[in-house]
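# Structure assessment
Listed here are the chains, written in short residue letters.
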Amino acid sequence: MIWRIAWRNLWRHRTRTVIMGSAVALIYGLTLVGLGINDDGHRRMLEEATAAAGGDVLVHDEGYWDTRASDRVIRRGPDVLETVRSQPGVRLAIPRVLVNGLVSTSAASSAVHLRGVDPELEARLTDPADDLVRGSFLAGERSDPIVLGARLVEKLELELGDRVVLTASDPGGELTRALFHLSGVVETGTRELDEMMGYTSIEAAREAVGMEGMLTQVGALAAEEVSVDALAAGLRTALGERADGLEVLTWREAVPEMVGFIELDDALGYLYMGILLVVVLFSITNTFLMAVMERVRELGLLNALGLRGERIGHLLLAETVLLTGLAMAAGFALGLGGHLAVDHWGISVAAWGLEEIEISGLDVADLVFYSTIDPAKWALASALVGVATVASALYPAWKAARLSPAEAMRFYE
Amino acid sequence: MTIRTSCLLIALATALSPTLCLERTAAQEAPGPEGGEAQLPDVDSVLDYLDDLYRSSSSHAVMEMTVIRERGTRELRLESWSRGEEDALIVIREPAREAGTATLRTEDGLWNYAPRADRLIRIPSGLLSESWMGSHFTNDDLVRETSYDEDYRASLSWTEREGERYLQVTLTPRPEAPVVYTELRFLLTPEAWIPVRWEYLDEGELVRVMTFDDVQSVDGKPLPLRMVVRPTDEPDERTVVRYRELELDVPVDADLFTRRGLRRVAGS
Amino acid sequence: MTSLKLGLRNLARNRWRSGLTLAAVAVAVGLMVWSLSLYEGWIQAMVRGATAVETAQVQVHTAGYVDQPRAYRGFRLDAPELASVRRVPGVVAASPRVELHGLVGNEQRSQVARILGVDPELERRTTPVAEAVTAGRWLADEPPSRAEPREVVVGSGVARQLQVEPGDELVTFLEAADGSLGNDLLRVVGIVRTGNTALDQQTVYLHLSDARTLGALEGEVHELAIRTEDLTRAAESAREVAAALGARVGMPEGDGASPGEELVVRPWQEVLPGVNQMIVVFRRSYWILYLLVYLLAAAGILNTQRMSALERRREFGVMMAIGMRPRRMFRTLVVESGVVGVLGALIGAAGGAALSWYHQAHGLDMSLFTDQAAFSYMGVAFTERLYFDLTLGNVVEPVLVMLGVALLSGLWPAIRSARIDPAPTIAGRTE
């Protein structure tokens, strides 16, 4: 009964309802969009960290990650790969042969970090072919393809198809050479990477350094909802049985320098959310308090007409709850719409007047803000807004319930 | 597979001409450009001769090396010894500032000797392509030629340059051979097979040229005692090596190629 | 004037409403000021981390060296010139350096390293490298006698690669400026870990005079690294240093003929453009934060004014009926928004500034947020306490923006109210 009255009350004062409702909807919607953008930035950073490390969990020969020594290889490559792949919780197992050596042409020589990869598998983590500017990325035509960073190609005075000689140590410590032909050029925009990076197929890399049947690293991607630490522990057990002397690292253990940065960003994200919410709460509370205060007279009249104090309070609360519900529904639609719009088109920082820039680790294209819904955060924000809105009606409702009709009608605020 | 260290040292300035150490490949006869004006010699004989030319089980030499670069010229006087296939030692005698600096090669690797520190320092394999002693030779030139015979196939032909006729040994890499050059050409005098000019090409473009002159008789064989290395991308730069003394098959103490032996010799 | 008085009185009449709106504005502004100071502090930490240890804030080289670093592209730096640089206001210290590349190692292991010859005392005053010593000690003030090995301090990565610790001997072998081969015997006296990867993995420090001898450089240096008081004023300091040395600021434009021996003074932004760009991006990215917070505050103000307009309709109707002109009505209402905006902003700014000031002086303990508070990212080292940076801009800007926002949000309700038709309004027939 009271709900029907409340509902009708709302629509009787349509302008007021619309004003308050739209305020809450707008504020709530904006908050959701803000959270979406912030969370997206954070998520992307996590993804990049994982991609930079090479996977959620990494498997190598013991001591490889610290020393990067060429003699620390996984000798039973296919076995280990299969064990990782079949481990429950592993979405994808990515094999790699990593070689640190020298590439030479008749013009010059330069150090290279050569990655023997399976392009299709890598693309599921982060696709190195995205940075391809010339040629093809290990498309399979030749048996000795090599893709090099743009600055390296420049230094070595290479054209597509030219010879490239790789000098590196094999697992026995012997120096060995192998011939490649340049099949593609990548440019990341990061100077250090473009001076050092090289890619080839796993087979070609194996052949070059005598690592037939071996691997340097297996990167494992965790399935949704699987904790990386649990996965690592599981893999340790599964692989430990082989007594091969392998090491299993989570990406956090592999790149601890990124962890600090990410956690800090996370913290800043919460701080940001906190700021938003504080402002939101003030704005909404303000609105509702005001609205209710101003109706004290009207309520006093009702009181005088016989509606008891308590019920007036209930009425107010009911109205508030309904209004909040409506407003939040509208606000949610707004927020969701905003999220979808931002995610689809992105807010481009570049559009704000940045020229061609080359930043370590970032591409201008990356400086577009997208949006990600973190359900936990959205739920939290929604709960807070809802509670705050309703709570802000409590005090005035309580106060109104206590007024004597005569006082109330003279209540001018 | 025989590898001649002698080639290494003596032909130091010639970037260790690979021909001399090449395994014989199937003889490939090709008619001369004029269609058979003169018979091409047997490729085996040429290679044998070149091998013999520098054949020795040990050597001792004194050389002058001039390095001309954009920023100035450097003159060095070097003394060198070699023994067997792997051991080699080159010491700088002049100028005084650098005297005593040396490069030591054994089967275990390559080192530089720092006289002021009286210590050896290992040259990491990553530096093989770096310039040796600041010249236009590389460290790699000192250890490299072990794989030339694996990596190239040889053929002979007659060729004419500026009215002069030469016997040309053309080396092309075997498929998959990890070498940066796509072709090497060694021009020899037609009769005596004396090295005249070595050319290194990448995709048809000349990258490096070595020329030989000042032919003198050493142990009864004519040998060019002056070599000039020129990188084609820096036309004003070059390194010139001239032999002042050269003795082959002389007794050389195995102990020389150790820290102790080195010290003795470098200090003197 | 009347508008102002009327406006103020109106506000005072509805204390609750005005108070709450004021509070919303104050909170928004206060938080903006505080978080801007946090961001600026963060940026300063990034810049310091990226530059302090290696680059310092201003650098002097020859143009040829900047173009292509070569051992023979150094310049003469005598005592009077150095002194004139030190006299430039804002300069804290300057460290002349010789930079050589060569082999460092022993019979078993060696690696290519960057050899920096420095004056230990001057370097200690210019960069915090001496504080980054993790084993042994920094270079002594004077090099040891000629008979003894030279002192060397190595980066932690180098030490690990070569497997040496303080007391061990090393040899260095390199190509000197005149093309000859320099070499010497070194003894490790200390190991540094700066967090800067280029430094830790590849650099070793020698006495300036030892490096000069090694590199055949008489009286010459390759670089003068200058530390200034104020990071943000590096460009100005660069100009002043250039004036003192008779050098130019920044590299000459375009290709030109070989740039040669002209001295070039550059602030860190030019030496490390990557870091600078990162900062530009970082700053722009918090425009989003700005935008949202202000939008929210604006929504709050707009709403308040609309509510208030709605409620006071009758009152306005009466006022218009008795002769108040629309324009004055408009002005009065705009003043109301404006006052709330200004007052709220000022209060908020004061609060935010006070808190920022506290955090500037004492720092904020970042380990509240993360276990790994001390780390290095992209070669930049961060430490546990983040010191905020309170600048005038941080305070004034939010206030001004809020004022603008307040006025704008108050605009629409004010316009609508000014257009009220008195009679029907008073009669209550407008709903």
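Calculation notes
Residues numbered from 1 in each chain as written. Chains lettered and ligands numbered in written order. Predicted model: local features only at pLDDT ≥ 70, side-chain atom pairs only at ≥ 80, totals over all residues. Heavy atoms only, no water. Helix = DSSP H or I, 4+ residues; strand = E, 2+ residues; numbered from the N terminus. Buried < 20%, exposed > 50% of the residue type's maximum accessible area, 1.4 Å probe, protein only. Contact = heavy atoms within 4.5 Å. Areas by Shrake-Rupley, 256 points an atom, 1.4 Å probe, with all protein chains shown as cover. Phe/Tyr/Trp six-rings, centres within 6.5 Å; stacked < 30°, edge-to-face > 60°. Lys NZ or Arg CZ within 6 Å of the ring centre and 35° of its normal. Expected span 1.5 Å × (residues − 1). Arc of directions from axis to C-beta. Buried area = accessible area lost by both parts, 1.4 Å probe. Salt bridge = Lys/Arg side-chain N within 4 Å of Asp/Glu carboxyl O. Polar contact = N/O pair within 3.5 Å; in protein donor to acceptor, adjacent residues only side chain to side chain. Nonpolar A, V, L, I, M, F, W, Y, C, P; charged D, E, K, R; others polar. pLDDT = per-residue confidence, 0-100. Patch = residues over 30% accessible without salt bridge, like charges linked within 9 Å, V, L, I, M, F, W, Y side chains within 5 Å. Axes fitted to C-alpha atoms, helices over the stretch in contact; angles between N-to-C directions. Parallel < 35°, antiparallel > 145°, perpendicular 65-115°, else oblique. Left-handed = near helix turned anticlockwise from the far one by under 90°. Core = buried A, V, L, I, M, F, W, Y, C linked by side-chain atoms within 4.5 Å. Lys, Arg positive; Asp, Glu negative; His and termini not counted. Charge placed at Lys NZ, Arg CZ, Asp CG, Glu CD. Pairing = 2+ DSSP bridges.

## Notes on the overall build of chain A
What chain A contains, in helices and strands, is 15 helices and twelve strands. Within chain A, the fraction of its 413 residues that count as buried is 53%. A fraction of 78% describes how many contacts in chain A between residues 6 or more apart in sequence connect residues 24 or more apart. As presented, chain A carries roughly 17,800 Å² of accessible surface, and 55% of it is formed by carbon and sulfur atoms.

## Some details on the overall build of chain B
Scanning chain B for helices and strands turns up five helices and 13 strands. Counting over 268 residues, chain B shows a buried share of 57%. When contacts within chain B are restricted to residue pairs at least 6 apart in sequence, those whose partners lie at least 24 apart make up 49%. Element-wise, carbon and sulfur atoms account for 44% of the exposed surface of chain B, whose accessible area totals about 10,900 Å².

## What to know about the packing of aromatic side chains
All names here are of chain B. For the structure on display, the rule yields nine aromatic pairs over all chains. Over the aromatic face of Trp158 sits the side chain of Arg165, whose NZ or CZ is 4.2 Å from the ring centroid. Residue placement shows Arg208 over the ring face of Tyr200; its charged tip is 5.4 Å from the ring centre.

## Examining helix H1 (residues 2-13) of chain C
Residue and element names in this part refer to chain C. Here H1 is twelve residues long and its end C-alpha atoms lie 16 Å apart, about the 16 Å a rise of 1.5 Å per residue gives. Taken together, the buried positions of H1 are Ser3, Leu6, Gly7, Asn10 and Leu11. Each buried residue of H1 sits inside an arc of 135° when the element is viewed along its axis, so together they form one side. Relative to its buried face, H1 has exposed residues pointing more than 90 degrees away, namely Lys5 and Arg9.

## Quick word on the interface of chain B and chain C
Taken residue by residue, the interface counts 25 residues in chain B and 28 residues in chain C. Carbon and sulfur atoms make up 54% of the surface buried where chain B meets chain C, a total of about 2,200 Å² over both sides. Across the salt bridge formed by Glu169 of chain C and Arg119 of chain B, the nearest N and O atoms sit 2.2 Å from each other. At the junction of chain B and chain C, the tally comes to eleven residue pairs in polar contact (both at pLDDT 80 or more). When contributions to the side of chain B that touches chain C are tallied by element, the ones reaching two or more residues are strand E5 (109-114) and strand E6 (119-122) of chain B. Along the lines of polarity and charge, the residues of the side of chain B that touches chain C split into twelve nonpolar, four polar and nine charged.

## A closer look at the confidence of the model for chain B
Caution applies to low-pLDDT regions: their predicted coordinates should not be interpreted in detail. Residues and elements named next belong to chain B. Taken as a whole, chain B shows an average pLDDT of 78; of its residues, 78% reach a score of 70 or greater. This stretch, residues 1-36, has a pLDDT under 50; its non-local contacts, to residues over four places away or in other chains, come to 126 contacts. In the predicted assembly, ipTM is 0.73 and pTM is 0.72.

## Things to note about unusual backbone geometry
In this chain, Glu94 of chain B is followed by Pro95 of chain B through a cis amide linkage whose omega measures 5°. By the element assignment, Pro95 of chain B lies in the loop between strand E3 (87-94) and strand E4 (102-106). The phi torsion at Glu225 of chain A lies on the positive side, around 70°, for a residue other than glycine. Looking at Glu225 of chain A, the relative accessible area reads 76%, which means it is exposed. For Gln163 of chain C, which is not glycine, the phi torsion reads 55° and is therefore positive.

## Remarks on a nonpolar patch on the surface
Residues and elements named next belong to chain A. On the surface, a nonpolar cluster with roughly 350 Å² of combined accessible area is contributed by Trp7, Trp11, Val18 and Leu326. Of note, Leu326 is situated in helix H13 (residues 309-345). Residue class for Leu326 comes out partly exposed when judged on its relative accessible area of 35%.

## Section: the packing of helix H4 (residues 79-87) of chain C against helix H9 (residues 234-245) of chain C
Residues and elements named next belong to chain C. Contact geometry for H4 and H9: axes closest at 9 Å, N-to-C directions at 150°. Classified by the angle between their axes, H4 and H9 sit roughly antiparallel to one another. Where H4 crosses over H9, the handedness of that crossing is right-handed. For the pair H4 and H9, the contacting residues are Glu81, Ser84 and Val85 in the first and Val241, Ala244 and Leu245 in the second. When its residues are assigned to classes, the contact of H4 with H9 shows four nonpolar, one polar and one charged.

## Looking at the nonpolar core
Residues Met65, Leu78, Leu167, Tyr243 and Leu246 of chain B are the most contacted members of the largest nonpolar core, which totals 56 residues. In contact with Leu167 of chain B, not counting residues within four places along its chain, are Leu40, Pro41, Val46, Leu156, Ser157, Trp158, Phe186, Leu187, Leu188, Thr189, Pro190 and Trp193 of chain B. If you look at the next biggest cluster of nonpolar residues, it comprises 48 residues, including Leu32 of chain A together with Leu11, Leu292 and Val399 of chain C.

## Concerning the side chain of Ser409 of chain C
Residues and elements named next belong to chain C. Tracing the sequence through the fold places Ser409 in helix H14 (residues 392-418). On the basis of relative accessible area, Ser409 is assigned to the buried category, the value being 7%. A polar side-chain atom of Ser409 sits 2.4 Å from the main-chain carbonyl oxygen of Val405. Apart from residues lying up to four places away in sequence, Ser409 is in contact with Ala298, Ile301 and Leu302.

## Examining helix H4 (residues 77-86) of chain A
Residue and element names in this part refer to chain A. All buried positions along H4 are accounted for by Gly77, Val80, Leu81, Thr83 and Val84. Along the long axis of H4, the arc covered by the buried residues comes to 160°, so they all point the same way. H4 presents Pro78 and Ser86 as exposed residues on the side facing more than 90 degrees away from its buried surface. On its buried face, H4 is in contact with strand E1 (57-61), strand E2 (90-104), strand E9 (217-222), helix H9 (228-240) and strand E10 (246-250).

## Some details on the environment of Leu225 of chain B
All names here are of chain B. In this fold, Leu225 is placed in strand E12 (residues 221-231). On the basis of relative accessible area, Leu225 is assigned to the buried category, the value being 9%. Taking C-alpha positions, Leu225 is 26 Å from Ser155, a pair spaced 70 residues apart along the chain. Sequence-distant contacts of Leu225, defined by excluding residues within four places in its chain, comprise Asp213, Asp214, Gln216, Val218, Val241, Arg242, Tyr243 and Leu246.

## What about the pattern of salt bridges?
Scanning the entire structure with this criterion turns up 33 salt bridges over all chains. Across the pair Arg248 of chain C and Glu262 of chain C runs a salt bridge whose closest N-O atoms are separated by 4.0 Å. Residue Arg248 of chain C is found in strand E12 (residues 248-249), and its partner Glu262 of chain C is found in the loop between E12 and strand E13 (263-267); the two are separated by 14 residues along the sequence. Given the relative accessible area of 37%, Glu262 of chain C is considered partly exposed. In this structure, a network of salt bridges that share partners links the residues Arg161, Glu183, Arg185, Arg197 and Glu199 of chain B.

## Considerations on a negative patch on the surface
Together, Glu157 of chain A together with Glu70, Glu203, Glu205, Asp233, Glu234 and Asp236 of chain B give the surface a local cluster of negative charge. Here Glu205 of chain B is to be found in strand E11 (residues 205-218).

## Details of the pairing of strand E3 (residues 91-105) of chain C
All names here are of chain C. Here E3 lies mainly inside the structure; 13 of its 15 residues are buried. Sheet topology places E3 next to strand E4 (residues 110-118); nine bridges connect them, and they run antiparallel. Counterpart to Leu103 in the pairing with E4 is Val112. Linking two consecutive strands that pair antiparallel, namely E3 and E4, is a turn of four residues.

## A short note on the packing of helix H12 (residues 313-321) of chain C against helix H13 (residues 326-362) of chain C
All names here are of chain C. At their nearest, the axes of H12 and H13 sit 10 Å apart, and the two run at 140° to each other. With respect to each other, H12 and H13 are oriented oblique. Classified by chirality, the crossing of H13 by H12 is right-handed. Contacts between H12 and H13 involve Phe316, Met319 and Met320 on the former and, on the latter, Pro326, Met329 and Leu333. For the contact of H12 with H13, the class distribution of residues is six nonpolar, no polar and no charged.

## Remarks on the confidence of the model for chain A
All names here are of chain A. Looking at chain A as a whole, its pLDDT mean stands at 80, while 84% of the residues score no less than 70. When pLDDT is averaged over each helix and strand of chain A, the minimum, 63, is found for helix H15 (residues 405-409) and the maximum, 95, for strand E5 (residues 145-149). This stretch, residues 352-365, has a pLDDT under 50; its non-local contacts, to residues over four places away or in other chains, come to 31 contacts.

## Considerations on the side chain of Glu98 of chain B
Secondary-structure assignment places Glu98 of chain B in the loop between E3 and E4. Under the relative-accessibility criterion, Glu98 of chain B is labelled buried at 2%. Non-local contacts of Glu98 of chain B, meaning those with residues more than four positions away in its chain, are made with Arg74, Leu76 and Ile92 of chain B together with Ser180 and Leu181 of chain C.

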